[in-house]
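Structural overview for review
Listed below are the residues making up each chain.
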Amino acid sequence: MKIRLVFFALIMMLCAGLGACSSRSPETLKNDADPQSVKVVALLPVENQTGDVRASKMLRLKIADELRFKGYPQVAIEVIDDRLAALAGAKEAGKNDVVSPAFIREMLGADAAMYCCLMESKAAKKIFYTPVTVSVRCELRSTATGETLWNAQGKSTGRSFDLRGKTLDMKTAGDLEAVLEEVVGQVMESLPYGPKLRG
């Protein structure tokens, strides 16, 4: 009898886990544009709608890593930031909507520009736990035509539990990085492989 109860509990946990995974799938919009024509990507600074500067910097680095894993050569982030800083003068670069894809092509020689937005990054602290929620949207646009080649968005939440406030704060900081990594994985999953991995 006990074996049946344990077996039933394991099946229920497996079903709950699969349900949780499927509910976190990213929303992807596809069109007829061909991302296969992309050879070099310029990853622009993340548009930050949250005010969480640390999260937007971490997000950009994680997206850069994922682009590399997907086989896309990139313009170095430092080069992009230097050129945008020179363009903006004293203003901080980060408003991607003012930088047109055509200008990115002319300035950096990239075939496509990756525009990403950190739409949500919050840690709602409770008494014994802190849920960390992150929401991200990315778009790959052709620098030749300006058309959207690919876009997707994702959202994920992680939760830390602890009775001590300081330990909970440390766990929350770690959760932010883990949740960012999960969201980037969701969003970039639908991006086709780049020229280094195409056959």
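Refer to the structure printed above.
Residues numbered from 1 in each chain as written. Predicted model: local features only at pLDDT ≥ 70, side-chain atom pairs only at ≥ 80, totals over all residues. Heavy atoms only, no water.

A count of helices and strands for the protein gives five helices and six strands. Helices and strands in the protein line up, N terminus first, as α-β-β-β-α-α-α-β-β-β-α. Taken over 199 residues, the protein has a buried fraction of 39%. In the structure as shown, the protein presents an accessible area of about 11700 Å², 58% of it carried by carbon and sulfur atoms. (Helix = DSSP H or I, 4+ residues; strand = E, 2+ residues; numbered from the N terminus. Buried < 20%, exposed > 50% of the residue type's maximum accessible area, 1.4 Å probe, protein only. Areas by Shrake-Rupley, 256 points an atom, 1.4 Å probe, with all protein chains shown as cover.)

Let's shift gears to the environment of valine 132. By the element assignment, valine 132 lies in strand E5 (residues 129-142). Spatially, the C-alpha atom of valine 132 lies 7.3 Å from that of serine 121, the residues being eleven residues apart in sequence.

Of all twelve residues in strand E4 (residues 112-123), nine are buried; the element is thus mostly enclosed. The pairing of strand E2 (residues 41-43) with E4 spans three bridges and is classified as parallel. When the bridges of E4 are listed, alanine 42 appears paired with alanine 113. Where strand E3 (residues 47-48) and E4 come together, two bridges link them in parallel fashion. Bridging from a neighbouring strand, asparagine 48 pairs with leucine 118 of E4. (Pairing = 2+ DSSP bridges.)

What follows concerns the state of the cysteines. Note on terminology: disulfide describes a covalent bond linking the sulfur atoms of two cysteines. Enumeration over the complete set of coordinates arrives at one disulfide. What pairs with cysteine 116 in a disulfide is cysteine 138, and their sulfur atoms sit 2.3 Å apart. Looking along the S-S bond of the cysteine 116-cysteine 138 disulfide, the torsion reads about 115°, which is the right-handed sense. Of the two residues, cysteine 116 sits in strand E4 while cysteine 138 sits in strand E5, which places them 22 residues apart along the sequence. When sorted by exposure, cysteine 116 lands in the same class as cysteine 138, which is buried. (Disulfide = S-S within 2.5 Å.)

This next bit is on helix H2 (residues 53-69). Its 17 residues place the ends of H2 25 Å apart at the C-alpha level, agreeing with the 24 Å of an ideal helix rising 1.5 Å per residue. Buried residues of H2: Ala55, Ser56, Met58, Leu59, Arg60, Lys62, Ile63, Ala64 and Leu67, and no others. (Expected span 1.5 Å × (residues − 1).)

Moving on, we get to the packing of helix H3 (residues 77-88) against helix H4 (residues 101-108). Where H3 meets H4, the closest approach of the two axes is 11 Å, and the angle between their N-to-C directions is 110°. Our classification of the angle between H3 and H4 gives roughly perpendicular. Note that H3 runs across H4; the crossing there is right-handed. Of the residues in H4, those touching H3 at Val79, Ile80, Arg83, Leu84 and Leu87 are Phe103, Met107 and Leu108. Broken down by class, the residue content of the contact of H3 with H4 amounts to seven nonpolar, no polar and one charged. (Axes fitted to C-alpha atoms, helices over the stretch in contact; angles between N-to-C directions. Parallel < 35°, antiparallel > 145°, perpendicular 65-115°, else oblique. Left-handed = near helix turned anticlockwise from the far one by under 90°. Contact = heavy atoms within 4.5 Å. Nonpolar A, V, L, I, M, F, W, Y, C, P; charged D, E, K, R; others polar.)

Counting residues in each nonpolar core, the largest one holds 32 residues, and the members touching the most others are Ile63, Leu67, Met114, Leu140, Trp150 and Met188. Going through the elements one at a time, E2, H2, E4, E5, strand E6 (148-161) and helix H5 (165-188) are the ones with two or more residues in this core. No other element matches H5, which puts seven residues into this core. In contact with leucine 67, not counting residues within four places along its chain, are Val41, Leu43, Tyr72, Gln74, Met114, Met188 and Leu191. (Core = buried A, V, L, I, M, F, W, Y, C linked by side-chain atoms within 4.5 Å.)

Everything listed here is a matter of coordinates, which is why it stays silent on function.
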